Amino acid sequence: MATDYDAPRRGQEEDLAEDSLEELKARRNETQSGVVDVDTDAPDENFELPGADLSGEELTVKVLPKQEDEFTCGRCFLVHHRSRLAEERGGQMICRDCA
């Protein structure tokens, strides 16, 4: 539906006055559906069960070693870029989130 951006805006009072109750009910019924969309192509591997044995699973993510411009936070033990370094206490580097 095309929108005329140069046309004067209508207020909510004007919108409510023009739309009858029957029109609103008809629009609501048109947009809603009682059918649930199920993706039949989605693999079941996206669902993890609690207590499931995942020892046979392989990583599908490429893991890179820590780079020259990165550090490991001494509190949260996450690897951050040097720009996230807040301070260094007793030889431990602390990130901005933990500082």
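Residues numbered from 1 in each chain as written. Predicted model: local features only at pLDDT ≥ 70, side-chain atom pairs only at ≥ 80, totals over all residues. Heavy atoms only, no water.

A. Structural context of the overall build of the protein chain. The helix and strand inventory of the protein chain stands at two helices and four strands. For the protein chain, the α and β elements follow one another from N to C terminus as α-α-β-β-β-β. Looking at the 99 residues of the protein chain, the share that counts as buried comes to 6%. In the protein chain, 5% of the contacts between residues at least 6 apart in sequence involve partners at least 24 apart. (Helix = DSSP H or I, 4+ residues; strand = E, 2+ residues; numbered from the N terminus. Buried < 20%, exposed > 50% of the residue type's maximum accessible area, 1.4 Å probe, protein only. Contact = heavy atoms within 4.5 Å.)

B. Expanded view of the pairing of strand β4 (residues 92–95). Pairing of strand β3 (residues 85–89) with β4 involves four bridges; the strand directions are antiparallel. For Leu85, the partnering residue across the bridge sits in β4 and is Cys95. Where β3 hands over to β4, the hairpin turn is made up of two residues, of which Gly90 adopts a positive phi near 55°. (Pairing = 2+ DSSP bridges.)

C. Representation of unusual backbone geometry within the structure. Positive phi values are uncommon outside glycine, yet Phe77 reaches one of about 60°. Tracing the backbone shows Phe77 in the loop between β1 (70–72) and β2 (79–81).

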